[in-house]
Amino acid sequence: KQEVTQIPAALSVPEGENLVLNCSFTDSAIYNLQWFRQDPGKGLTSLLLIQSSQREQTSGRLNASLDKSSGRSTLYIAASQPGDSATYLCAVRWGTSGSRLTFGEGTQLTVNP
Amino acid sequence: GAVVSQHPSWVICKSGTSVKIECRSLDFQATTMFWYRQFPKQSLMLMATSNEGSKATYEQGVEKDKFLINHASLTLSTLTVTSAHPEDSSFYICSARDLRDNSYEQYFGPGTRLTVT
C-alpha cells in the first residue's frame, strides 16, 4: 500500500531557529513530491514541487530534498519566523500519470516570538 | 495565475437538506478536478476525481449517490452533498489541473467549511 508519513506531528520552536520537517513514503517509484502549507481553516499553498529526477528544490528560506532510494523527503526552513506557523503537508504522486496525490497527516509548526 | 476559487467559503445547513459547493478555475482550463475532505486535525482524503464531460471516479468508501459531482465545463465542477447529516460536517477542498502543465501540478481552492446541524 502506498502511504505517506510525516514526523513529527507537531513542532514548537523559538524564532530564528533552523528546522527540518520529515516525510517518508512507502514506494520509491514516485512521479513527484510536493510540499504544501495550510493555515488554519484555509486551503493549501504549494511551497515546493520536486520531480522524481531531482534531488532538491529551493525557494527563499525553504529547501526540500528528495531521496527516493530511502523513501524520504525533508523540508528545511531557515531562520524561522512566527509567520511560518502553519501545518505543513507532504504529498506524493506515484505512477507515470502523476495525477493522484497522497497526503501525509502533516506537521503542525509553531514558531514562538 | 492558476487560481482556483470555491463558493461558498462556509455553509450551515439543516440535517436532511442538500448543499452544493462550486469549484472554479479562474484563469486556466482544468481538464481534471479533485475533491478532498478534511476532518479536524487530519489530512486531506481524496473523495473523487472528475474529468470534464465524463462521470467522476469515486474513491473506495465514498458514496457516489450521496456526493454528486458534476464537471460540465473546463472551468467549473460542483459537489452536491445530498441529504446531509451531521457526520458530513467537514472541510471540503477542491483542486484543479491545468491542461498545459506537464508537471501535473494541482492548484487548490481555499476550501468550504460545511456544518450540518
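Source: prediction; values computed, not measured.

Asker: Could you give an account of the pairing of strand E8 (residues 76-81) of chain B, with specific residues and numbers?
Answerer: All names here are of chain B. When you tally the buried positions in E8, you get five out of six residues, the bulk of the element. Where strand E3 (residues 19-25) meets E8, six bridges bridge the pair, whose relative direction is antiparallel. Following the sheet pairing, Val19 is matched in E8 by Val81. In terms of strand pairing, strand E7 (residues 67-73) meets E8 through five bridges, oriented antiparallel. Residue pairing in the sheet places Phe67 in a bridge with Val81 of E8. The hairpin turn running from E7 into E8, its antiparallel successor, is two residues long.

Asker: Quick one: what's the story with the sheet that holds strand E1 (residues 4-7) of chain B, residue by residue and with numbers?
Answerer: Residue and element names in this part refer to chain B. Read from one edge to the other, the open sheet built from four strands follows the order E1-E3-E8-E7, with strand pairing classed as antiparallel. The open sheet has two edge strands with one neighbour each: E1 and E7. Each strand axis lies, on average, 15° off the axis of its neighbour in the sheet, ignoring direction.

Asker: Explain the sheet that holds strand E1 (residues 4-7) of chain A to me, and be specific about the residues and the numbers.
Answerer: All names here are of chain A. Taken in spatial order, the five strands line up as E1-E3-E8-E7-E6 in an open sheet, and their pairing is antiparallel. The sheet is open, and its two edges are formed by E1 and strand E6 (56-59), each paired on a single side. With direction set aside, neighbouring strand axes in the sheet form an average angle of 15°. Pairing of E6 with strand E7 (residues 62-67) involves four bridges; the strand directions are antiparallel. Paired with Thr58 across the strands is Asn63, a residue of E7.

Asker: So what's going on with the side chain of Ser25(B)? Residues and values would help.
Answerer: All names here are of chain B. Here Ser25 is to be found in strand E3. Of the residues examined, Ser25 reaches a relative accessible area of 3% and is grouped as buried. A polar contact is formed between the side chain of Ser25 and the backbone oxygen of Phe28, at a distance of 2.8 Å.

Asker: Go over the nonpolar core, please, and point to the residues and values.
Answerer: Formed by 24 residues in total, the largest nonpolar core has its most connected members in Trp35(B), Phe67(B), Leu79(B), Tyr92(B) and Leu114(B). Of all the secondary-structure elements, those providing two or more residues to this core are strand E2 (10-13), E3, strand E4 (30-38), strand E5 (45-51), E7, E8, strand E9 (90-98) and strand E11 (112-116) of chain B.

Asker: Can you break down the packing of aromatic side chains residue by residue, with the values?
Answerer: Within this structure, the stated rule accounts for seven aromatic pairs over all chains. Where Phe103(A) meets Tyr36(B), the ring centres are 5.6 Å apart and the plane angle is 90°; that geometry is what we call edge-to-face. Taken as a pair, Phe103(A) in strand E10 (residues 101-103) and Tyr36(B) in strand E4 lie in two separate chains rather than in one. Each residue in the set Phe36(A), Phe103(A), Tyr36(B) and Phe108(B) is aromatic and connected to the rest through ring pairs, giving one cluster. Over the face of the ring belonging to Phe67(B) we find Lys66(B), whose NZ or CZ atom lies 6.0 Å from the ring centre.

Here is what the cut-offs are and how they apply
- Residues numbered from 1 in each chain as written.
- Chains lettered and ligands numbered in written order.
- Predicted model: local features only at pLDDT ≥ 70, side-chain atom pairs only at ≥ 80, totals over all residues.
- Heavy atoms only, no water.
- Buried < 20%, exposed > 50% of the residue type's maximum accessible area, 1.4 Å probe, protein only.
- Helix = DSSP H or I, 4+ residues; strand = E, 2+ residues; numbered from the N terminus.
- Pairing = 2+ DSSP bridges.
- Axes fitted to C-alpha atoms, helices over the stretch in contact; angles between N-to-C directions.
- Polar contact = N/O pair within 3.5 Å; in protein donor to acceptor, adjacent residues only side chain to side chain.
- Core = buried A, V, L, I, M, F, W, Y, C linked by side-chain atoms within 4.5 Å.
- Phe/Tyr/Trp six-rings, centres within 6.5 Å; stacked < 30°, edge-to-face > 60°.
- Lys NZ or Arg CZ within 6 Å of the ring centre and 35° of its normal.

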